Amino acid sequence: MTIIKWIGIAFLSLVLLSVLSVSLMNWDWARDIAVQKVSDLTNRKLTIDGDLTVDWSLTPRIRIEQIQFENAAWSDQPNMLELAALELRIDLLKLIRGRVVFPEIMLTKPHIVLEKSSEGKPNWVFLTDEEPSSQDRTELPIIERLRIQDGRLIYRDLSAQTAITATLVTINEQTDKEATELEAKGKINGRPVQISLNAGPLIAIQHTETPYPLTLDLQAGKTTLNISGTITQPLQFKGLDLNFMITGPNPERLSQMLGLPLPSLPPYRLKGELSYLENALQLKALDGRIGNSDIAGKISLNMTEPIFIEADLTSKNIDLDDLGPLIGLAPDTGPGEKASVAQKKEAKKEAASPQVLPKESIDFERLRTINANIVLRSKHVESKLPVDDLIMKVIIDGGHLILAPLDFGVANGSIRSRFELDTRTQPVKSKIETEIRHVRLGEILHRFEMADKSAGLIGGQATFWFNGDSISEMFASADGGLLMLMTGGQFDDLLVELAGIDIGEALVALFGDKKNDAQINCAFVDLPTSNGVMDMDTLIIDTEDTVFLGKGSLDFNTEQLDLIIDPKPKDLSLFSARAPLHIGGSFNEPTFTPGKSAIIRGAASLALLPSAPIASLYSFLQEEMKDGKEGNQENIHCSDLVDAIHQARD
């Protein structure tokens, strides 16, 4: 609006020039008066070196040549405006009635420079001795037709590595369907960009009652944006009725250019409807894909400070791997997976690293710049687990993020979680609470093409507190614990499958020479965690002829394993056939050591095992299965184990 105000002042000065020219017939003197007036108003020098000519009529045509308007003193460009010729017609009858109307204005070879200094100061703000009061402001003139021939516009922002050069022309000059074409290229925030705009007549943007048509094509690197439709109030950015389609390798690359904190995600393609309502940008009828996930719904962006994002999104299928970049993990790059070139490089880097937990810091700064209320629902989740559905609600308020609910349907059961993260503290603090209900282990193993006769029913509860800016730092600071209970299954097959390798000698030592099914009656694990070290204080796996006891630790600081599984046969004749198994090494490359050397730390005594947590978790699982006969039968085995522990303690 500041630019429009000063354009209006310039045009009014030209009106003065026209009137003086008509009345005094002294073109040079009238020209000099207008030049001096504009220079005084703006504190910038206006120069007119060309001729001034007039063709007489009730709407006289006035032509002025070789116009130059000085730029701000800090700019290395001497002129803000250069104009080969300005032609205009003015309606004298309406001028007499007090209305300034230009039936036509023609700009020949205009060269306009709009720029901001390194301190962010724009060159279109002029230094004036006194700002006019509201009573002194003159109404802007009416321009009925504006034509541009060989126009050139340069926009530079020295504080943001932005420089755009555009050509601007009016086409179809001889018809009533004039249009404006703009072609631009350059850099926005250091990123190359190309813009192609085809719109209605430039002067039509001042008409707020008529929809203004436009088609915009933008390419920033490998990102493309296409917009088409109408805007009823272009200057106020209101009355939008637009369709859009955007594709690119990673939305994060547009963050600086758009001024929005967009997340890092795999290649995407989105289309939908764009409108503006109640100070909010509305994206409706969304339809597209992010990586291998489909997405639909609507998003509202309220452009206040901070930005408020409200979204209601749905999906038929979400590939959980596509969300990995949000927490510093590269997406999967295997056959059929989608990832950008940068993400593929990061995946190779992760694969070559001996570390499992990502050490790259997560950019939590963006959470401090937005508030949000986002709901995402998916009918199916593609992952290494048999996830049936997902419902997630994201609330961000002043840098405090809450994911609640964060619920997955898994293997006919559910995993329900609540996650909180507070970026207002240093280091960042977070907490997760999880309940595992009625999850069938067999269906999980089937996804890994493992023997489903290793099936069991799992229930559990966990609470963990974290500190840190990366996944590695969070786990290294973890405090809390996990309790899990499983009924049913087959232990020898289960261990073979989970190990993923032939551990031969270790299994012979653990189970004996004779192959047996080792049917699991009940299994329980208690994993208290402090300062990133998860202690396996209690591991019990009760089979028909043996109770397997476990002890050890998982150190997330060093990513090292130190676990012992010690078989305690119920039949004394089996003692000679079974020996402990030590699982050590790193998370990335675990080792399996059988025999007496495995019991360096010694296994736990059954009499020392706490029964209270097991009994509590058993009751929790039983509530979920009280209507199933098979479940009740499995629960009997866990009940027997709890009773046995009570007897051992007595």
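Residues numbered from 1 in each chain as written. Predicted model: local features only at pLDDT ≥ 70, side-chain atom pairs only at ≥ 80, totals over all residues. Heavy atoms only, no water.

Trainee: Would you explain the overall build of the chain in this entry?
Mentor: Across its full length, the chain holds 11 helices and 34 strands. Going through the 650 residues of the chain one by one, you find that 46% of them count as buried. Taking all contacts inside the chain whose residues are at least 6 apart in sequence as the whole, residues at least 24 apart take part in 51%. When the accessible surface of the chain is totalled, it reaches about 33,000 Å², and 54% of it is carbon and sulfur. (Helix = DSSP H or I, 4+ residues; strand = E, 2+ residues; numbered from the N terminus. Buried < 20%, exposed > 50% of the residue type's maximum accessible area, 1.4 Å probe, protein only. Contact = heavy atoms within 4.5 Å. Areas by Shrake-Rupley, 256 points an atom, 1.4 Å probe, with all protein chains shown as cover.)

Trainee: In this structure, what is going on with the environment of Glu-144? I would like to understand it.
Mentor: Structurally, Glu-144 can be placed in the loop between β7 (142–143) and β8 (146–149). Look at Glu-144 and you get partly exposed, because its relative accessible area is 45%. When the C-alpha atoms of Glu-144 and Ile-105 are compared, they prove to be 8.3 Å apart, with 39 residues separating the residues in sequence. Among all residues touching Glu-144, those that are not within four sequence positions of it are Lys-94, Val-101, Phe-102, Pro-103 and Ile-203.

Trainee: I would appreciate a short explanation of the pattern of salt bridges in the present structure.
Mentor: Side-chain pairs of opposite charge can arise where the charged atoms are in close proximity. Per the counting criterion, the structure on display carries 19 salt bridges. Across the pair Glu-144 and Lys-94 runs a salt bridge, and its minimum N-O distance is 4.0 Å. With a gap of 50 residues between them, Glu-144 in the loop between β7 and β8 and Lys-94 in helix α3 (residues 92–96) connect regions that are remote in the sequence. What makes Lys-94 partly exposed here is its relative accessible area of 25%. Where Glu-420 meets Arg-418, a salt bridge forms, and the shortest distance between an N and an O atom there is 3.2 Å. (Salt bridge = Lys/Arg side-chain N within 4 Å of Asp/Glu carboxyl O.)

Trainee: Would you mind going over the pairing of strand β19 (residues 307–315) with me for this structure?
Mentor: Two faces belong to every sheet, and in a regular strand the side chains alternate between them. Burial of the side chains of β19 is restricted to one face: Ile-307, Ile-309, Ala-311, Leu-313 and Ser-315 are buried, whereas none of Phe-308, Glu-310, Asp-312 and Thr-314 on the reverse face is. The pairing of strand β18 (residues 293–302) with β19 spans seven bridges and is antiparallel. Residue pairing for β19: Ser-300 is matched across the bridge by Glu-310. Following β18, the chain reverses through four residues before pairing antiparallel with β19. Inspection of the sheet shows β19 paired to strand β21 (residues 370–378) by nine bridges, in the parallel sense. Looking at β21, one finds that Asp-312 is bridged to Val-375. (Pairing = 2+ DSSP bridges.)

Trainee: Help me understand a nonpolar patch on the surface in this model?
Mentor: On the surface, Leu-58, Leu-93 and Ile-96 cluster together into a nonpolar patch covering about 340 Å² of accessible area. Note on placement: Ile-96 falls in helix α3. Given the relative accessible area of 71%, Ile-96 is considered exposed. (Patch = residues over 30% accessible without salt bridge, like charges linked within 9 Å, V, L, I, M, F, W, Y side chains within 5 Å.)

Trainee: Looking at this structure, I do not really get the nonpolar core. What am I missing?
Mentor: When a protein is soluble and globular, its nonpolar side chains tend to lie buried together. Counting residues in hydrophobic clusters, the biggest one holds 115 residues, and the most contacted among them are Ile-105, Leu-390, Leu-401 and Leu-421. For Leu-390, the residues in contact, after removing those within four places along its chain, are Ile-318, Leu-376, Arg-377, Ser-378, Val-381, Leu-406, Asp-407 and Phe-408. Formed by six residues, the second largest nonpolar core is a distinct cluster that contains Cys-522, Phe-524, Val-547 and Leu-549. (Core = buried A, V, L, I, M, F, W, Y, C linked by side-chain atoms within 4.5 Å.)

Trainee: I keep staring at the side chain of Thr-162 and nothing clicks. Help me out?
Mentor: One can find Thr-162 in strand β10 (residues 162–171). One polar contact links the side chain of Thr-162 to the main-chain carbonyl oxygen of Ala-160, over a distance of 3.1 Å. Non-local contacts of Thr-162, meaning those with residues more than four positions away in its chain, are made with Tyr-155, Arg-156, Asp-157, Lys-187, Ile-188 and Asn-189. (Polar contact = N/O pair within 3.5 Å; in protein donor to acceptor, adjacent residues only side chain to side chain.)

Trainee: Any chance you could explain unusual backbone geometry here in plain terms?
Mentor: When glycine is set aside, most residues are seen to have a negative phi, and most peptide bonds are trans. Cis peptide bonds are those with omega within 30 degrees of zero, and the linkage from Glu-305 to Pro-306 qualifies with 0°. Considering the arrangement of structural elements, one finds Pro-306 in the loop between β18 and β19. Following Gln-426, the chain continues into Pro-427 via a peptide bond in cis, with omega recorded as 0°. Within the secondary structure, Pro-427 sits in the loop between β25 (413–422) and β26 (429–440). The phi dihedral of Asn-189 falls on the positive side, at around 50°, and the residue is not glycine.

Trainee: What is the right way to read the packing of aromatic side chains from this model?
Mentor: Aromatic ring pairs: the centre-centre distance and the angle between the two ring planes describe each pair. Under the criterion given, the structure shown has four aromatic pairs. Taking the centre distance of 5.6 Å and the plane angle of 75° together, the rings of Phe-556 and Phe-587 count as edge-to-face. Of this pair, Phe-556 sits in the loop between β31 (546–555) and β32 (560–569) while Phe-587 sits in the loop between β33 (581–586) and β34 (590–594), and the two are 31 residues apart along the sequence. We classify Phe-556 as buried; its relative accessible area is 10%. (Phe/Tyr/Trp six-rings, centres within 6.5 Å; stacked < 30°, edge-to-face > 60°.)

Trainee: Hey, could you run me through the side chain of Ser-477 in this one?
Mentor: With respect to the helices and strands, Ser-477 occurs in the loop between α7 (471–476) and β28 (479–487). Reaching out from Ser-477, the side chain makes a polar contact with the backbone oxygen of Met-474 at a distance of 3.0 Å. Discounting chain neighbours no more than four positions away, the residues touching Ser-477 are Trp-465, Phe-466, Asn-467, Asn-531 and Gly-532.

Trainee: Looking at this structure, I do not really get the environment of Gly-221. What am I missing?
Mentor: Counting through the fold element by element, Gly-221 comes out in the loop between β13 (212–220) and β14 (223–233). Spatially, the C-alpha atom of Gly-221 lies 8.7 Å from that of Gly-248, the residues being 27 residues apart in sequence.

Trainee: It is not clear to me how the pairing of strand β23 (residues 387–397) should be interpreted in this structure. Could you clarify?
Mentor: As paired elements, β21 and β23 share seven bridges and run antiparallel to each other. Bridge pairing in β23 links Asn-373 to Ile-395. Examined bridge by bridge, β23 and strand β24 (residues 400–410) share nine bridges and lie antiparallel to one another. In the strand pairing of β24, Ile-395 is matched with Ile-402. Between β23 and β24, which pair antiparallel in sequence order, lie two residues; one of them, Gly-398, sits at a positive phi of approximately 60°.

Trainee: What am I meant to see in the confidence of the model for the chain here?
Mentor: Where the model shows low pLDDT, its predicted coordinates should not be examined in detail. Summarising the model, the chain shows a mean pLDDT of 78, and 71% of its residues fall at 70 or more. Predicted confidence is poor over residues 496–506, with pLDDT under 50, and the contacts of this stretch with residues over four places away or in other chains come to 13 contacts. Scored below 50 in pLDDT, residues 615–635 shows 40 contacts in the model against residues more than four places distant or in partner chains. (pLDDT = per-residue confidence, 0-100.)

Trainee: I keep staring at the environment of Ser-300 and nothing clicks. Help me out?
Mentor: Relative to the elements of secondary structure, Ser-300 occurs in strand β18. Separated by 26 residues in the primary sequence, Ser-300 and Leu-274 have C-alpha atoms spaced 9.9 Å apart. Once you skip the residues sitting within four places of it in the chain, Ser-300 turns out to touch Ala-280, Leu-281, Gln-282, Phe-308, Ile-309 and Glu-310. Separated by 3.4 Å, the side chains of Ser-300 and Gln-282 make a polar contact.

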